[in-house]
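# Observations on the model geometry
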Amino acid sequence: MPLALLALAVGAFGIGTTEFVMMGLLPDVANDLGVSIPTAGHLVSAYALGVVIGAPLLAAATARMSRRKVLIALMGVFVAGNALSAFAPDYHWLLAARFLSGLPHGAFFGVGAVVATSLVAPERKARSVSLMFLGLTVANIAGVPVATLMGQHLGWRATFLGVSAIGVAAIASLALLIPRDHTHAPAGGLRGELAALRSLPVWLALGTTVAGFGALFSAYSYITPMLTDSAGYAGGSVTLLLALFGVGATAGNLVGGRLADHSLRGTLFGGLVALVVVLALFPVLMTAQWSAAVAVTLLGMAAFVTGSPLQLMVMEKASAAPSLASSANQAAFNLANAGGAWIGGLALAAGFGATSPAVAGAGLAVLGLAVAALAYAVDRRRQGAGVGAPGRLVAAHVPPHAEHVHH
C-alpha cells in the first residue's frame, strides 16, 4: 500500500480525536466557562452541524480543484478551528470555533477516499479506504483517552492545542506524500457533481449509512449507563471499556476493507446482520461484566465492518461525482449519530430499561438491511435494463494520464 495512505490516516486520527474528545471534557469546559453541562453539550452538536453542512458544501465548492491542494486546505481549516477553540474567550466563541472545526471533517474523508482509491489497483480499493479510516478508529483507542487526560491535567485548552499540532503534522505529511498526478478532479465541475447525485442508487446507499450507523449510535450514545446500571461497572472503568470499543472498531474496519475487496455487497449484508444480532443480544450480554466487555468490543467490530463497503458503494453509485457523494456519506454518518442518539433516548424516556437503546438500534439495523436489499433489487433491475453494472467501482474519477503507483 502507498505511503500516501499514511498521510490520510494521520489526518483522520486528528479529526477522530477532536470529534470525540469533547464528550470527556464537557465538565471541565462547563466549569471554566460558567455554563451548565447540558449547555456545554451543544458544543458536540455544533461540531456535528459543521460536518453535515461542510461535507457537501466544501466538496462541491472545490470540485474543480486539485484534490491534493483541497486536502491540505481542509486540514488548514481544521488546524485553525482547533487553535481558535484553544483560545476562545467565552462559550459563544468556542461554539463558533467547534462549528468551524467540523466544517472540513466530511469533505476531508470524502476527498481522501477518492484519492486513496486512485492510488491502488482496483482489487485493493476497499482496503485503501479502510487504511485511511484506520486513523479514525485508532483515535478512539489512543487519541481520545490521551487527549482527555491532557485536558484533565493541563486544562481543556491544552487538548485543542495538541490536536492542532496533529493537524500541522497531517499537513506536512499530505504535502510530502500525496502524489501530484493523482489528485485532479474531473472536468465536469460542480454541475456534473450535482447531476450525479440525482440517482436513486446513490440515495439508497446514503440511506443505508444513516440507518446502519444510526443503529450503532442508538446504543453507543448510552453505553455508559448500560455498563454502570446494567452490567455493574464502576464509573471509572468506562474509559477502558470504551477503548475496547475502539479495538473492535479497528479490527472490524480492517477486516471489512479486506472482505469488501472480494465481495462489496456481501460484506455489507454480513456486517448489518452481525450488527442486528449483537444489538439484539445486548439485554443478555449486559447482565455480567465479562459479557458486557465482549458486547462493547463486538459492537465496534460489527458496525465498522460496514464502514469501507458503504463509503465505496456511495462512490460507485456516483462515479461521475465521487468527491461530493463520498463527502455526503460523511454527512449521512453524522446524521446517523444525531438520529440514533435521539431514537435511543426515546426508548430510555419511555421507561424500557437501560439496554432499550440497543434494542431500538437492532430495529434500525434491520431497517438498514431493508434499504440495502432495496438498493440491490434496484441494481438488479437497472442491470437487466442495461443501465449499469452493480457491484463494480467505476474509476471515472481517475484522470486518463494517471497510472497506479506501485511501491
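Quick note: structure is the one above.
Right, let's walk through the structure included here. (Residues numbered from 1 in each chain as written. Predicted model: local features only at pLDDT ≥ 70, side-chain atom pairs only at ≥ 80, totals over all residues. Heavy atoms only, no water.)

### A short note on the pattern of salt bridges
Applying the stated criterion across every chain, the model contains five salt bridges. Here D32 and R157 are joined by a salt bridge, their closest N and O atoms 3.7 Å apart. In this pair, D32 is assigned in helix α1 (residues 4-33) and R157 in helix α7 (residues 156-177), connecting sequence segments 125 residues apart. Relative accessible area serves as the criterion here: at 45%, D32 is assigned to the partly exposed category. Residue D379 is joined to K317 by a salt bridge in which the shortest nitrogen-to-oxygen separation is 2.6 Å. (Salt bridge = Lys/Arg side-chain N within 4 Å of Asp/Glu carboxyl O. Helix = DSSP H or I, 4+ residues; strand = E, 2+ residues; numbered from the N terminus. Buried < 20%, exposed > 50% of the residue type's maximum accessible area, 1.4 Å probe, protein only.)

### A short note on the packing of aromatic side chains
Scanning the model with the defined rule gives eight aromatic pairs in all. Plain terms: the ring middles of F217 and F333 are 5.4 Å apart, the flat faces sit at 85° to each other, and that makes the pair edge-to-face. With F217 in helix α9 (residues 200-220) and F333 in helix α16 (residues 322-349), this residue pair connects regions lying 116 residues apart in the sequence. Neither residue differs from the other here; F217 and F333 are each classed as buried. Taking 4.2 Å as the distance between ring centres and 25° as the angle between the ring planes, the aromatic pair formed by Y220 and F245 counts as stacked. In this pair, Y220 is assigned in helix α9 and F245 in helix α11 (residues 238-260), connecting sequence segments 25 residues apart. Overall, Y220 belongs to the buried group, its relative accessible area being 16%. On the basis of relative accessibility, which here comes to 4%, the residue F245 falls in the buried class. (Phe/Tyr/Trp six-rings, centres within 6.5 Å; stacked < 30°, edge-to-face > 60°.)

### Comments concerning empty space enclosed by the protein
The tally for this structure, following the rule as stated, stands at four cavities of 30 Å³ or more. In this model, the largest cavity occupies a volume close to 160 Å³. Lining the largest cavity are 15 residues, with F133, F213, G307, Q330 and F333 sitting closest to its centre. When contributions to the lining of the largest cavity are tallied by element, the ones reaching two or more residues are α6 (125-154), α9, α15 (307-317) and α16. Its residues placed into classes, the lining of the largest cavity shows six nonpolar, eight polar and one charged. In this structure, the second largest cavity occupies an estimated 70 Å³ of space. Forming the walls of the second largest cavity are E19, F20, L136, N140, L216, F217, Y220, F245, F304 and F333. Considering every element that reaches the lining of the second largest cavity, the biggest residue donor is α9, with three residues. Residue classes in the lining of the second largest cavity are distributed as eight nonpolar, one polar and one charged. (1 Å grid on protein atoms, 1.4 Å probe; cavity = no way out; pocket = protein on both sides within 12 Å on 5 of 7 lines; lining within 4 Å. Points joined across faces, edges and corners; volume = space filled by probe spheres on them. Nonpolar A, V, L, I, M, F, W, Y, C, P; charged D, E, K, R; others polar.)

### Remarks on the nonpolar core
Burial of nonpolar side chains together is a common tendency in soluble globular proteins. In terms of nonpolar packing, the biggest core is built from 93 residues, with L8, L216, F282, M286 and L299 touching the most fellow members. The element best represented in this core is α9, accounting for nine residues. In contact with F282, other than residues within four places in its own chain, are I223, M226, A295, L299, T355 and A358. In terms of nonpolar packing, the next biggest core, distinct from the first, is built from 16 residues, A40, A86, L94 and A147 among them. (Core = buried A, V, L, I, M, F, W, Y, C linked by side-chain atoms within 4.5 Å. Contact = heavy atoms within 4.5 Å.)

### Digging into helix α12 (residues 264-280)
With 17 residues, α12 extends 25 Å from end C-alpha to end C-alpha; this agrees with the ideal 24 Å at 1.5 Å per step. Among all positions in α12, only L264, R265, T267, L268, G271, L272, L275, V276, V278 and L279 are buried. For α12, the elements touching its buried residues are α9, α11, α13 (282-285), α14 (289-305), α15 and α17 (356-384). The residue sitting at the N-terminus of α12 and contributing the capping side-chain oxygen is S263; that oxygen lies 3.1 Å from the backbone nitrogen of G266. (Expected span 1.5 Å × (residues − 1). Polar contact = N/O pair within 3.5 Å; in protein donor to acceptor, adjacent residues only side chain to side chain.)

### Notes on the packing of helix α4 (residues 67-86) against α7
Two numbers describe how α4 lies on α7: the axes approach to 8 Å, and their chain directions differ by 165°. Viewed along their axes, α4 and α7 adopt a mutual orientation that is roughly antiparallel. At the point where α4 passes α7, the crossing takes the left-handed sense. Packed against α4, whose contacting residues are R68, L71, I72, M75, G76, F78, V79, N82, A83, S85 and A86, the element α7 presents W156, R157, F160, L161, V163, S164, G167, V168, A170, I171, L174 and A175 at the interface. The class makeup of the residues in the contact of α4 with α7 is 16 nonpolar, five polar and two charged. (Axes fitted to C-alpha atoms, helices over the stretch in contact; angles between N-to-C directions. Parallel < 35°, antiparallel > 145°, perpendicular 65-115°, else oblique. Left-handed = near helix turned anticlockwise from the far one by under 90°.)

### Looking at the side chain of T208
Relative to the assigned elements, T208 resides in helix α9. According to the relative accessible area criterion, T208 is buried, its value standing at 2%. Apart from the residues within four sequence positions on either side, T208 is in contact with L268, L272, L310, G368, V371 and A372.

### Considering a nonpolar patch on the surface
A grouping of W290, V294, L298 and M301 is seen on the molecular surface, where their side chains present a nonpolar patch of about 390 Å² in accessible area. Here M301 lies in helix α14. (Patch = residues over 30% accessible without salt bridge, like charges linked within 9 Å, V, L, I, M, F, W, Y side chains within 5 Å. Areas by Shrake-Rupley, 256 points an atom, 1.4 Å probe, with all protein chains shown as cover.)

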